[in-house]
Amino acid sequence: MFSRLLALCLVTTFVGACSSFKSSSERAPAAAYYVDPQYYDLQVLLSEALTFRSTALRFADEKKLGQTGDISLSRSEGEWVRSMGAEYLQTRQKLLDLAITEGEYFSGMNRVKLAPYQGTKIERKSRNVRKDIYEEYKVLNIDPKDAQGEKQVFRMHMALASALMLMDNYLVAIQPFNDNASMRYVLNYDVAQKRALQTLADSYSSISRRQQMERAIEFIDSVMAWRRSKGIPTSPEESQLYALTQSSIWYLAVKNGTDSSGFKDAIANLWNRLTLRGKRGARSVSYGVSMGFGNMVGLVETRKGYLINMPESEKRSLVAEMKPLDILMEKTPFRLTDKMIPGHYGHVAIWLGTEEQLKELKVWDKIPANIQTKIRSGHRIVEALRPGVELNTLEHFLNIDDFLVVRDTRSNITDEYRREAILQAIAQIGKEYDFNFDVHTHTRIVCSEIAYVVYKDVKWPLEETLRRYTISPDNVAQLAIGNQRIFEPVIMYYDGKRVYKDLPYSLGLLLKADDSHYAEFRKFQNL
């Protein structure tokens, strides 16, 4: 069970890399929105929590937890398990502190109400529970349009994301240890913090905690629905938190559960599906797991990319240098995906070209009018993101550290071939993202599959994972190195700096993706 779940979760980190939150329709000047000072600290904590989840799953798989009874640990393994548990408890406590602080508004008789244009305020009330005995409670009325309300909603969003992360982590990564007698003893009694594992289990099982989360989910959903109904945009940061929330197993279960017993059944049923128990519908189940875990991993961002503030003059130079059908690749070390997936690059896109270039190729008149309008406004990059395949601007793309452009330099490529390839790229716009990451499906598409679809005559290096064929960004980049390369690297940035020296050789070093070759790359480029 765990081996299949582990493989799926690790593969879906690639999905997260391509599906990181980049929705251009929700971008706006930072000054227009409130961003809590703890937001980026929270991103680091979420990164640590997801890394723990992946590590714990890997260990559970290696030790076959859930398949065997008592297990034996070497001394080093025992120390590693205790160390891993102790580190996670520190991360958990910080997430829990935030969740509890805001969660009090949803506890007991306390209530939170959406009160647009009425001002944010707290009302203190009481109710008669027995003769001459009254219970006091608070009603927090939140006006999402005033400054206090905006801050409160953002804090509640952070708290809910934290709480759901903790609940998911217990379900996915901690419960297998608690279910094994040997591991339960090690983590309850053979550690400095006694009964730590039992404490986590009790917290997970708490009915009051579950009710708090249900109420918080209902409130946050109502805020987002109200904004949509009024055409009020949500900040990229808060949209990211909401997407993270929606990627949670617990969120999905709450939306499917109707009462306490129904909620419990929803969790059990969903978990049975996530662990792929039973063969029927495995492909559709893996789609759901991929979407959730991939979204969640891709959404964790600890800072902005070095190239996001590239000078306008430099961007204009890039536009002038690039040609239609150039393949763009990027690396984002500040996202959790970069720490969890093998390889160097994490995303692939296609540069369509400018209006002038497309007219020169005699393909402009074949492009739909709505796409022509977007190209004129600077939308020239076709990429598959979490919302689906989009046409985006260079500015939108540049929240990255490393940038690579490779070009088809084959002598036998005709303008007719290029015209067909451009129209094929445009035909992908609007398709849903392929969370099954299978290049042999055509109704959905994964980010690196853009190159596979556009350059249909190229024999791409594919990898078989979970009985489907996938193509990674590094698979694409491999065809731009060596003596028989099909593509030529023409533009390269590393850690926000442009490099020029022997790009094919330099790319080969980066694709090794280890410390020694990174050091050799930096030395070669005098960085």
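Every value quoted in this text rests on a predicted model; they were computed, and no experiment measured them.

Asks: Which residues make up the overall build of the protein, and what values go with them?
Replies: When helices and strands are counted, the protein shows 21 helices and 14 strands. Residue burial in the protein is summarised as follows: out of 527 residues, 56% are buried. Residue pairs at least 24 apart in sequence account for 72% of intrachain contacts in the protein once pairs closer than 6 positions are excluded. With the model as given, the accessible surface of the protein reaches about 23800 Å², and the carbon-plus-sulfur share is 49%.

Asks: Lay out the sheet that holds strand β1 (residues 111-114) in plain terms, naming residues and giving numbers.
Replies: Pairing within the open sheet is mixed, and its three strands lie in the order β1-β3-β2. Lying at the two open borders of the sheet, with one neighbouring strand each, are β1 and β2 (121-130). Looking at each pair of strands side by side, their axes are set apart by 30° on average, direction ignored. Bridge count for β2 against strand β3 (residues 133-142) is nine bridges, and the pairing is antiparallel. Residue pairing across strands places K121 opposite N141, the latter belonging to β3. Lying over the sheet, helix α4 (residues 147-178) contacts β1 and β3, oriented at roughly 105° with respect to β3. Docked against the sheet, helix α7 (residues 207-230) engages β1 and β3, running at close to 10° with respect to β1.

Asks: Any details on the environment of K459? Residues and values, ideally.
Replies: By the element assignment, K459 lies in the loop between α18 (449-454) and β11 (463-465). K459 sits in the exposed class, given a relative accessible area of 76%. A C-alpha to C-alpha distance of 10.0 Å links K459 and I486, two positions 27 residues apart in sequence.

Asks: Hey, could you go over the side chain of H379 for me, with residue numbers and the actual values?
Replies: Inspection of the secondary structure assignment puts H379 in strand β6 (residues 379-385). Judged by its relative accessible area of 16%, H379 is buried. Side chain to side chain, H379 and S377 meet in a polar contact 2.9 Å long. Setting aside anything within four residues of it in sequence, one finds H379 in contact with K374, L391, N392 and T393.

Asks: Outline the packing of aromatic side chains, listing residues and values.
Replies: Pairs of aromatic rings are described using the distance from one ring centre to the other and the angle between the two planes. Summed over all chains, the structure comprises 12 aromatic pairs. Judged by centre distance (4.9 Å) and plane angle (80°), the rings of Y39 and Y40 are edge-to-face. Take Y40: its relative accessible area is 28%, and that puts it in the partly exposed class. In textbook terms, an aromatic cluster arises when at least three aromatic residues are bridged by ring pairs, as seen for Y34, Y39, Y40 and F154. It is K501 that lies over the ring of F524; its NZ or CZ is 4.4 Å from the centre.

Asks: Provide a residue-level description of the environment of I422, including the pertinent values.
Replies: Following the sequence through the fold, I422 ends up in helix α17 (residues 415-427). For I422, a relative accessible area of 0% translates into the label buried. Sequence separation between I422 and G353 is 69 residues; the distance between their C-alpha atoms is 9.2 Å. Those residues in contact with I422, other than ones at most four positions away along the chain, are P324, L325, L352, L358, L361 and V363.

What counts as what
- Residue numbers run consecutively from 1 along every chain, following the written order of its sequence.
- In keeping with the model being predicted, local features are shown solely for residues with a pLDDT of at least 70 and side-chain atom pairs are shown and tallied solely at 80 or more, while totals for entire chains, interfaces and linings include all residues.
- Excluding hydrogens and water, the side-chain values take into account all heavy atoms of the structure.
- In this text, helices come from DSSP runs of H or I with a minimum length of four residues, and strands from runs of E with a minimum of two, each type numbered from the N-terminal end.
- The buried label goes to any residue with under 20% of its type's maximum accessible area, the exposed label to any with over 50%, and the partly exposed label to all in between, with areas taken from a 1.4 Å probe on protein chains only.
- Only heavy atoms enter the contact rule, under which two residues are in contact if any of them lie within 4.5 Å.
- In this description, accessible areas are obtained by the Shrake-Rupley approach with a 1.4 Å probe, and a residue is regarded as covered only by the protein chains that are shown.
- In short, DSSP must find at least two bridges between two strands for them to pair.
- Working convention: axes come from line fits to C-alpha atoms, limited for helices to the stretch in contact. Angles between N-to-C directions cover 0 to 180 degrees.
- Think of a polar contact as two N or O atoms within 3.5 Å of one another; within protein, one of them needs to be a possible hydrogen donor and the other a possible acceptor, and neighboring residues in sequence only count if both atoms come from side chains.
- Only centres within 6.5 Å qualify two rings of Phe, Tyr or Trp (six-membered ring in Trp) as a pair; their planes then separate them into stacked at under 30 degrees, edge-to-face at over 60, and tilted for everything else.
- In our convention, an over-ring charge means Lys NZ or Arg CZ found within 6 Å of a ring centre and within 35 degrees of that ring's normal.

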